[in-house]
Amino acid sequence: MNAVTKHVSAGTVPNCEPKFQIEIEGMTCASCVRRVEKAIAAATGVANASVNLATERAEVTFAGKPDLAPVLGAIADAGFAAREETIELAIDGMTCASCVARIERALKAEPGVTQAIVNLATERASVRVVAGAADVSVLAKVISEAGYEARPVATDATEEGRRKGREAEMHALARALGIAAVLTLPVVILEMGSHLVPAFHHWVMMTLSDWNWRIQFVLTTLVLFGPGLRFFSKGIPALFRGAPDMNALVALGSGAAWTYSLVATFLPGLLPEGTANVYYEAAAVIVTLILLGRFLEARAKGRTGEAIKKLVGLQAKTARIVRDGVTQDVPLSEVRHGDLVVVRPGEKIAVDGEIVEGSSFVDEAMITGEPVPVAKGIGAEVVGGTINKSGSFTFRATKVGSETLLAQIIRMVEAAQGAKLPIQAMVDRVTAWFVPAVMAAAAVTFGIWLLVGPQPALSYALVNAVAVLIIACPCAMGLATPTSIMVGTGRAAELGVLFRKGDALQTLRDASVIALDKTGTLTAGRPDLTDFVISAGFDEDEVLRFVASAEARSEHPVAEAIAHAARRRGLALAVVTDFEAVPGFGVRGTVHDRLVETGADRMMDRLGLDISAFAPTAARLADEGKTPLYAAVDGRVAAIIAVADPIKESTPAAISALHALGLKVAMVTGDNRRTAEAIGRRIGIDKIVAEVLPDGKVEAVKRLGAGGARVAFVGDGINDAPALAAADVGIAIGTGTDIAIESADVVLMSGDLNGVANAISLSKATIRNIGQNLFWAFAYNAALIPVAAGLLYPVSGTLLSPMLAAGAMGLSSVFVLSNALRLKRFRTPLAASRRFLDQPELAVAK
């Protein structure tokens, strides 16, 4: 499956704007991001554009029909390229050249397709697409609509393909770094050794003489125009376009040092007397150290995407399907709608579907967080990526490829990782003028030193101007926010918290009121028998069996809870005769020739039965928020019964955790106020909003947010959609297969309320981490640019070598990445019932 897909299609949300993600090659710093973003935003038909340096992707939203040609042109004009990939498709049903032409036309009309070649003899199509703009399922659908069938043969758009691409980039950087280091070392020894060791200087002058500088020239030239050519090939065109970036700064700095040294070596008469010095070692070391920084960045950035790797790792690689009566193993990408898939014990379920034969227990911890396997029989739904435990069964595939639940989860995580938080807007504004400002500062530095600096003034001016250019590279600024977002949202996914909307990561931190829906959120979401107290002279099991047998004939949820409790005790339900449901009162029936009547107190009053003996018990139940029912057998009150939606075991601890985070907790429920307040007292709720009709929850959220309070509403993601959308942050909890609900900003995979505290804590930790990164990036530049310009020289004689500047620049980016990676070790305030990805059996499952 292509993990980078079209995130919104025209059929997903009514009247939505088409949105694409495009992978971009060549971006190295925040100024690159800004330039690409401005170029795309100015392209025809683009409504919005957001570019992320860490993921190297642009998210483009179109106002109308998507047309990627202007966008690709804008990216190229900005000096970058959209990454392309080839998708191979096998096509059934072609008979002649007109079939070929028809399919090629259909493919070329799809946004994102740059080339389509169909071969009738091999029955294959080779489609060149912009990475992220079209995936296998989209192309297969296009071919299907043209009247043919298509299936993927191979694609380099898989996560494995991208992993290999990252590894190839790292190997290329490592090779370039190795070559640069080997060539730079002799230059440093010849130049710096001569300054540090007088005897070595004497030996060099006596042995090499004029060849010293010439050897340095050859080695440095090989460094700059070998491993370092990448900086010049990208930086110089950026300069000519009037949009300098990091590469331009490096090319200017190292190129200036090399050019000055070249003149000093071969044409010293062109320089003022006493200024013919060489700075080959500075130029070579600058390139080598920056390559080292790039290599360390690439390795660290690879680690930021490990959550996606884990998610993709949950997928099965193959599926055993039955076609035309033949059972065969096929790659996951070749499973189609309606295929019959056979699952054996211990195997991963390949795609989503419905069981048509057999039964088993399935470990759905990946989805629900619950460790207990779930019984599955004919008609039950199964989810791709979950694990079959014991039995064997066959299911019909209902969702394949990008439609599966796991694919939706991967897209959610990718969308969150590629999102821009509101805090990023400030960074974008700064980096828009930062590189030009640095170049201006370098020019001013050069001019001041040339005019008032000590002799040789030209040498001092050159060295300090180069130091300013190198030290001020905005790499750390560009990486500060997106890397923290990638690691933070990845860690959230491991904990079963999915941020559907990236800005929720920042907004959730500012929440001051957590509004909780009661049913299904604070409670189990289903009624259960909580109290069963019998009168003297009656047997508890016998009365429960009688009552459950009568109630089993009713469809009321309370009746179902009583019948379920009896079955749990192993009580066999009896045959009921003369059954009658009395609307508004209760039920009656005959069980083993004994008259059984159950209902509320008004039912007992109607029968003329005295229930005063149960008055203390009834008062206690009312204080606990429960409504008592009564059972009579043969005209005698036999028992008082309470059925309630039980509070989840994890709820009290989760409420305490929210209080520990300094949050106010409100409960929004349709229960009567007395019942709601009783529940609220038991679990520590701060504010009760009771007797709220379903359509009144939005108004309740608005009231809770009065006075500027930020409200996060937590609901089941289905019945609470309007309230989820109205809140500052909507959190859908325990939604299971309804995970893709559009109303929520955050989705909790498990029904465990602890996930809310975990999500808020992680939001705070991530924004704090971003703040640390931005402080370092800005403070580093603010502190060291004046030093590089020579501000301390009049005071202490301190100057910053361009070599040290290059090393410090690389270390600043590595620091930011390392700090972001600390979020991988984030520990939750409360452990949820099961972590989403940290599950040993998922890691070792076949």
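Residues numbered from 1 in each chain as written. Predicted model: local features only at pLDDT ≥ 70, side-chain atom pairs only at ≥ 80, totals over all residues. Heavy atoms only, no water.

As annotated in an unreviewed UniProt entry, the protein carries the name Heavy metal translocating P-type ATPase and is attributed to Mesorhizobium album. Turning to the protein, the UniProt annotation filed under Sequence similarities (unreviewed entry) states: "Belongs to the cation transport ATPase (P-type) (TC 3.A.3) family. Type IB subfamily." (UniProt positions renumbered as here; feature names shortened; annotations may be inferred.)

**Student:** Could you clarify how one ought to interpret the overall build of the protein in this entry?
**Tutor:** Helices and strands together make up the secondary structure of the protein, namely 30 helices and 30 strands. Residue burial in the protein is summarised as follows: out of 846 residues, 54% are buried. Relative to all contacts within the protein whose residues are 6 or more apart in sequence, the contacts with residues 24 or more apart total 70%. As displayed, the protein has an accessible area near 35000 Å², and 57% of this comes from carbon and sulfur atoms. (Helix = DSSP H or I, 4+ residues; strand = E, 2+ residues; numbered from the N terminus. Buried < 20%, exposed > 50% of the residue type's maximum accessible area, 1.4 Å probe, protein only. Contact = heavy atoms within 4.5 Å. Areas by Shrake-Rupley, 256 points an atom, 1.4 Å probe, with all protein chains shown as cover.)

**Student:** It is not clear to me how the sheet that holds strand β14 (residues 374-376) should be interpreted in this structure. Could you clarify?
**Tutor:** Pairing between the strands of a sheet is mediated by backbone hydrogen bonds and can be parallel or antiparallel. One open sheet holds the three strands; their spatial order is β14-β13-β16, and the pairing between them is antiparallel. Among the strands making up the open sheet, the edge pair consists of β14 and β16 (387-388). When strand β13 (residues 360-363) meets β16, the two strands line up antiparallel, connected through two bridges. Within β16, the position partnered with Val 362 by the bridge is Asn 388. (Pairing = 2+ DSSP bridges.)

**Student:** Please explain helix α19 (residues 540-551) as it appears in this structure.
**Tutor:** Note on helix geometry: an α-helix contains 3.6 residues per turn, so any two residues three or four positions apart are oriented the same way. Across its twelve residues, α19 extends 16 Å between first and last C-alpha, which sits within 8% of the 16 Å expected from 1.5 Å per residue. N-cap assignment for α19: the residue whose side-chain oxygen lies 3.3 Å from the backbone N of Asp 541 is Asp 539. (Expected span 1.5 Å × (residues − 1). Polar contact = N/O pair within 3.5 Å; in protein donor to acceptor, adjacent residues only side chain to side chain.)

**Student:** Teacher, can you tell me more about the pattern of salt bridges here?
**Tutor:** In a structure, side chains of opposite charge can pair up when their charged atoms sit close to one another. Applying the stated criterion across every chain, the model contains 17 salt bridges. Ionic pairing is found between Arg 320 and Asp 329, a salt bridge with its closest N-O pair at 3.3 Å. Across the pair Asp 510 and Arg 509 runs a salt bridge whose closest N-O atoms are separated by 3.2 Å. On the accessibility criterion, Arg 509 (31% relative accessible area) is partly exposed. (Salt bridge = Lys/Arg side-chain N within 4 Å of Asp/Glu carboxyl O.)

**Student:** Help me understand a positive patch on the surface, please; the structure alone is not making it clear to me.
**Tutor:** There is a patch of like positive charges on the surface, built from Arg 768, Arg 822, Arg 825 and Arg 827. Assignment of secondary structure puts Arg 827 in the loop between α29 (802-821) and α30 (840-844). You can call Arg 827 exposed: its relative accessible area is 56%. (Patch = residues over 30% accessible without salt bridge, like charges linked within 9 Å, V, L, I, M, F, W, Y side chains within 5 Å. Lys, Arg positive; Asp, Glu negative; His and termini not counted. Charge placed at Lys NZ, Arg CZ, Asp CG, Glu CD.)

**Student:** I would appreciate a short explanation of the packing of aromatic side chains in the present structure.
**Tutor:** Geometry of an aromatic ring pair is reported as the spacing of the ring centres plus the angle between the planes. This structure, assessed with the given rule, holds twelve aromatic pairs. Their ring planes at 85 degrees and their centres at 5.8 Å tell us that Phe 20 and Phe 62 sit as a pair that is edge-to-face. Placement of the pair is Phe 20 in strand β1 (residues 19-25) and Phe 62 in strand β3 (residues 57-62), with a sequence separation of 42 residues. Comparing Phe 20 with Phe 62 shows no difference in burial state: the two are buried. (Phe/Tyr/Trp six-rings, centres within 6.5 Å; stacked < 30°, edge-to-face > 60°.)

**Student:** How should I be thinking about the UniProt feature "transmembrane region" (unreviewed entry) in the protein in this particular structure?
**Tutor:** If you check UniProt for "transmembrane region" (unreviewed entry), the listed places come out as residues 172-193, 213-232, 248-271, 277-296, 430-452, 458-481, 774-793 and 799-817 in our numbering. The span residues 213-232 is 80% helix and 0% strand, and its two end C-alpha atoms sit 23 Å from each other. Between the first and last C-alpha atoms of residues 774-793 the distance is 28 Å; the span itself is 85% helix and 0% strand.

**Student:** Can you help me understand unusual backbone geometry in this one?
**Tutor:** Glycine aside, negative phi is the norm for most residues, and most peptide bonds take the trans geometry. The peptide bond linking Gln 455 to Pro 456 adopts the cis configuration, its omega dihedral lying at -5 degrees. Along the chain, the position of Pro 456 falls in the loop between α14 (422-452) and α15 (457-471). Although it is not a glycine, Asp 578 sits at a positive phi angle of roughly 55 degrees. By the secondary structure assignment, Asp 578 is in strand β21 (residues 576-582). By relative accessible area, Asp 578 is classed as exposed at 63%. Unusually for a residue other than glycine, Asp 593 sits at a positive phi of about 65 degrees.

**Student:** Help me understand the confidence of the model for the protein, please; the structure alone is not making it clear to me.
**Tutor:** On average, residues of the protein score 79 in pLDDT, and 81% of them are at 70 or above. Ignoring residues within four places in sequence, the model shows residues 1-16, a span with pLDDT below 50, making 45 contacts including any to other chains. Long-range and interchain partners of residues 832-846, a stretch whose pLDDT sits below 50, account for 46 contacts in this model, where long-range means more than four residues apart. (pLDDT = per-residue confidence, 0-100.)

**Student:** What am I meant to see in helix α27 (residues 754-789) here?
**Tutor:** Its 36 residues place the ends of α27 53 Å apart at the C-alpha level, agreeing with the 52 Å of an ideal helix rising 1.5 Å per residue. Looking one or two residues beyond α27, the residue adopting positive phi is Gly 790, at roughly 100 degrees.

**Student:** Would you take a moment to explain the nonpolar core for this structure?
**Tutor:** Nonpolar side chains in soluble globular proteins tend to be buried together. Of all hydrophobic cores here, the largest spans 68 residues; its most connected members are Ile 514, Ile 731, Leu 753 and Val 756. Here this core takes 14 residues from α27, the largest share from any one element. Those residues in contact with Ile 514 that lie beyond four places of it in its chain are Leu 658, Leu 663, Lys 664, Val 665, Ala 666, Ala 712, Val 714, Val 756 and Ile 760. Core analysis: the next-biggest nonpolar cluster, separate from the first, contains 35 residues, Val 187, Ala 257, Leu 291 and Val 466 among them. (Core = buried A, V, L, I, M, F, W, Y, C linked by side-chain atoms within 4.5 Å.)

**Student:** How should the environment of Ile 321 be read in this particular structure?
**Tutor:** With respect to the helices and strands, Ile 321 occurs in strand β9 (residues 318-323). Considering only alpha carbons, one finds Ile 321 and Arg 336, 15 residues apart in sequence, at a separation of 9.7 Å. If we ignore the near neighbours within four places in the chain, the residues touching Ile 321 are Val 326, Thr 327, Gln 328, Val 330, Val 335, Asp 339, Leu 340 and Val 341.

**Student:** Can you help me understand a nonpolar patch on the surface in this one?
**Tutor:** Judged by side-chain polarity, Val 444, Ile 448, Leu 451 and Val 452 come together as a nonpolar surface patch covering roughly 440 Å² of accessible area. Checked against the element boundaries, Val 452 lands in helix α14. Val 452 sits in the exposed class, given a relative accessible area of 66%.

**Student:** Before we go on, may I ask you to explain the side chain of Asn 769 in this structure?
**Tutor:** For Asn 769, the position within the fold is in helix α27. Residue Asn 769 is classed as buried on the basis of its relative accessible area, which comes to 2%. Not counting chain neighbours up to four residues away, the residues in contact with Asn 769 comprise Ser 484, Asn 819, Ala 820, Arg 822 and Leu 823.

**Student:** When you look at the pairing of β3 in this model, what are you seeing that I'm missing?
**Tutor:** A regular strand carries its side chains on alternate faces of the sheet. Taken across its six residues, β3 has five buried, putting it largely inside the fold. Across five bridges, the pairing between β1 and β3 is antiparallel. Note on β3: the bridge partner recorded for Gln 21 is Glu 59. In sequence, strand β2 (residues 46-52) turns back onto β3 through a hairpin of four residues, with Glu 56 there showing a positive phi of about 55 degrees.

**Student:** Sorry if this is basic, but what is going on with the sheet that holds strand β18 (residues 497-499) here?
**Tutor:** Ordered by their spatial adjacency, seven strands build an open sheet running β18-β30-β29-β28-β19-β26-β27, and the pairing between neighbours is mixed. At either margin of the open sheet sits one strand with a lone partner, and together these are β18 and β27 (687-689). Between one strand axis and the next, the sheet turns by 20 degrees as a mean value, whatever way the strands run. Along the sheet, helix α24 (residues 673-683) contacts β26 (664-668) and β27; its crossing angle with β27, the most-contacted strand, is approximately 150 degrees. Where α27 meets the sheet, it contacts β18, β19 (513-517), β28 (711-715), β29 (729-733) and β30 (746-748), and its direction lies at approximately 50 degrees from that of β18. (Axes fitted to C-alpha atoms, helices over the stretch in contact; angles between N-to-C directions.)

**Student:** Mind showing me how you'd approach the environment of Val 36 here?
**Tutor:** Structurally, Val 36 can be placed in helix α1 (residues 30-41). Classification of Val 36 by relative accessible area gives buried; the value is 0%. C-alpha separation for the pair Val 36 and Phe 80, spaced 44 residues apart in sequence, amounts to 7.9 Å. Excluding anything up to four places from it in sequence, Val 36 contacts Ile 24, Met 27, Val 51 and Phe 80.

**Student:** Where do I start with the side chain of Thr 598 in this structure?
**Tutor:** The topology assignment puts Thr 598 in strand β23 (residues 594-599). Overall, Thr 598 belongs to the buried group, its relative accessible area being 3%. Engagement of the side chain of Thr 598 in a polar contact is seen with the side chain of Glu 551, the distance being 2.6 Å. Once residues lying within four places of it in the same chain are set aside, the contact partners of Thr 598 are Val 547, Glu 551, Phe 585, Gly 586, Val 587, Met 603, Tyr 630 and Ala 631.

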